[in-house]
Amino acid sequence: MAPVLILQLLTLFPPASYPKPWLGAWPATVVTPGVNVTLRCRAPQPAWRFALFKSGETDPLLLREVSSELAEFFLEEVTPAQGGSYHCCYGKPDWGPSVWSQPSDALELLVTVTLRCAGGLRNVSFVLYRGDVAAPLQYRDSAQPWADFPLPGARAPGTYSCYYHTPSAPYVLSPRSPVLTVRAQDSSSSDYTRENLARLGLAGLVLISLGALVAFDCRSQNHAPAGVRP
Ligand SMILES: *[C@@H]1O[C@H](CO)[C@@H](O)[C@H](O)[C@H]1NC(C)=O
Ligand SMILES: *[C@@H]1O[C@H](CO)[C@@H](O)[C@H](O)[C@H]1NC(C)=O
């Protein structure tokens with residue numbers, strides 16, 4: 001029993017003399033859907049093969065056999081589902097096939113979708129709501145008559161609405177915008193088409209148009225901003 005256990009521990013935790021590699025993302029770790037992302041894994045010593053892992057999965061997502069210190073992994077035209085935590089490892093020829101170096105630090109790849117809430121006033125605060133949740137999802141003060149809300153793409157599908165209000169008394173509140181629905185893409189399909197991508201991109205860029213300005217009640221000057229509620 002005991003020798004087996006020791007063997008497994010050695011496989012899972014290679015000696016500290018196999019120091020961890022470094023993982024980086026180009027052009028950035030926060031990208032919009034459709035961007036080609038390159039993940040570079042750099043080993044502290046020449047290696048024979050490299051593996052890219054996505055968190056929560058035990059098998060390598062991608063493998064590269066290169067006799068150098070650097071391997072590149074290409075994630076073409078990333079989708080929100082490809083956002084997440086990645087790490088890489090390297091292996092040397094004299095190690096067993098399932099022996100990997102210590103993992104690199106985790107790299108968080110965020111594939112974002114942006115929702116824009118557009119209104120009719122400058123220098124106001126925009127508030128984004130999701131679904132039936134009463135609490136705002138995000139706030140943005142903006143000098144422009146709109147505000148952009150970035151969302152992690154994988155968690156973006158859902159319904160959204162927004163409104164804006166002046167930052168101080170007298171409080172002017174807009175009505176709530178019409179609801180915008182961001183649809184989930186079919187991430188189970190490996191044959192992910194450009195058409196799907198274009199649709200998602202459009203949904204993400206749709207302006208949440210607000211109706212005419214409203215509800216300016218002079219009496220609200222005397223009220224606390226508690227009036228600023230859904
Ligand atoms: C991504 O890479 C593929 C293959 O190299 C290329 O055909 C495509 O045009 C690239 N897309 C973008 C948005 O750069
Ligand atoms: C918005 O705020 C900026 C900076 O405080 C100010 O210069 C500008 O005049 C304001 N614009 C409006 C329309 O109130």
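Above this text sits the structure in question.
Per-chain numbering applies: the sequence of each chain, read as written, is numbered from 1 onward. Throughout, the order in which chains and ligands are written sets their labels, letters from A for the former and numbers from 1 for the latter. With pLDDT at 70 or above as the cut-off, local features in this predicted model cover only qualifying residues; side-chain atom pairs require 80 or more to be listed or tallied, and sums for whole chains, interfaces and linings still use all residues. Hydrogen atoms and water are omitted, and side-chain values are computed over all heavy atoms in the structure.

## Focus: the packing of aromatic side chains
Here a Phe, Tyr or Trp ring, Trp counted by its six-membered ring, pairs with any other such ring whose centre lies within 6.5 Å, and the pair is stacked when the planes are under 30 degrees apart, edge-to-face when over 60, and tilted otherwise. One pass over the full model with this rule turns up six aromatic pairs. With a centroid separation of 6.2 Å and 90° between ring planes, the pair formed by Phe53 and Trp100 is classed as edge-to-face. Separated by 47 residues along the polypeptide, Phe53 in strand E3 (residues 37-54) and Trp100 in the loop between strand E5 (84-91) and strand E6 (107-118) bring together distant segments of the chain. Relative accessibility decides the category of a residue: with a 1.4 Å probe and only protein chains considered, values under 20% of the type maximum give buried, values over 50% give exposed, and everything between is partly exposed. By relative accessible area, Phe53 is classed as buried at 8%. With a centroid separation of 5.5 Å and 50° between ring planes, the pair formed by Phe126 and Tyr164 is classed as tilted. In this pair, Phe126 sits in strand E7 (residues 124-130) while Tyr164 sits in strand E10 (residues 158-165), placing the two residues 38 residues apart along the sequence. Summarising the burial analysis for this pair, Phe126 and Tyr164 share the class buried. Through pairs of rings, three or more aromatic residues link up here, namely Tyr18, Tyr90 and Trp95. Against the face of Trp26 rests Arg40, its NZ or CZ located 4.5 Å from the ring centre. Think of it as a cone above the ring: NZ of Lys or CZ of Arg counts as a charge over the ring if it is within 6 Å of the ring centre and within 35 degrees of the ring normal. Stacked on the ring of Trp100, the Lys or Arg Arg49 has its end atom at 4.0 Å from the ring centre. Each helix is a run of DSSP H or I of at least 4 residues and each strand a run of E of at least 2, with the numbering of both proceeding from the N terminus.

## Considerations on the environment of Leu109
Residue placement: Leu109 occurs in strand E6. In sequence terms Leu109 and Gln82 are 27 residues apart; their C-alpha atoms lie 7.9 Å from each other. Note on contacts: a residue pair is in contact if any heavy atoms of the two residues lie within 4.5 Å. Discounting chain neighbours no more than four positions away, the residues touching Leu109 are Ala28, Thr29, Val37, Leu75, Gln82, Gly83, Gly84 and Tyr86.

## Describing the state of the cysteines
Only a pair of cysteine sulfur atoms within 2.5 Å qualifies as a disulfide here. Per the counting criterion, the structure on display carries two disulfides. Linked covalently through their sulfurs, Cys41 and Cys88 form a disulfide whose S-S length is 2.0 Å. Looking along the S-S bond of the Cys41-Cys88 disulfide, the torsion reads about 80°, which is the right-handed sense. Of the two residues, Cys41 sits in strand E3 while Cys88 sits in strand E5, which places them 47 residues apart along the sequence. The exposure class assigned to Cys41 is buried, which follows from its relative accessible area of 0%. Between the sulfur of Cys117 and that of Cys162 lies a disulfide, 2.0 Å long from S to S. Of note, the bridge from Cys117 to Cys162 carries an S-S torsion of about 80° and is right-handed in sense. One end of the pair, Cys117, is in strand E6; the other, Cys162, is in strand E10, with 45 residues separating them in the sequence. A relative accessible area of 0% means that Cys117 is categorised as buried.

## Quick notes on the pattern of salt bridges
By definition, a salt bridge exists where a carboxyl oxygen of Asp or Glu is found within 4 Å of a side-chain nitrogen of Lys or Arg. Applying the stated criterion across every chain yields a total of three salt bridges. Glu72 is the partner of Arg40 in a salt bridge, and the nearest nitrogen-oxygen pair spans 2.5 Å. Here Arg40 is found in strand E3, whereas its partner Glu72 is found in strand E4 (residues 62-75), with 32 residues between them in sequence. Ionic pairing is found between Arg116 and Asp148, a salt bridge with its closest N-O pair at 2.7 Å. Linking Arg116 in strand E6 with Asp148 in strand E9 (residues 146-152), this pair joins segments that are 32 residues apart in sequence.

## A look at the pairing of E5
Among the eight residues that make up E5, seven are buried, leaving the element largely enclosed by the rest of the structure. Two strands pair when backbone bridges link them, and E3 and E5 are joined in this way by six bridges, in the antiparallel orientation. Residue Ala51 lies in a different strand from E5, and its bridge partner there is Cys89. DSSP calls a pair of strands paired once it identifies at least 2 bridges connecting them. In the sheet, E5 pairs with E6 via three bridges, with the strands oriented antiparallel.

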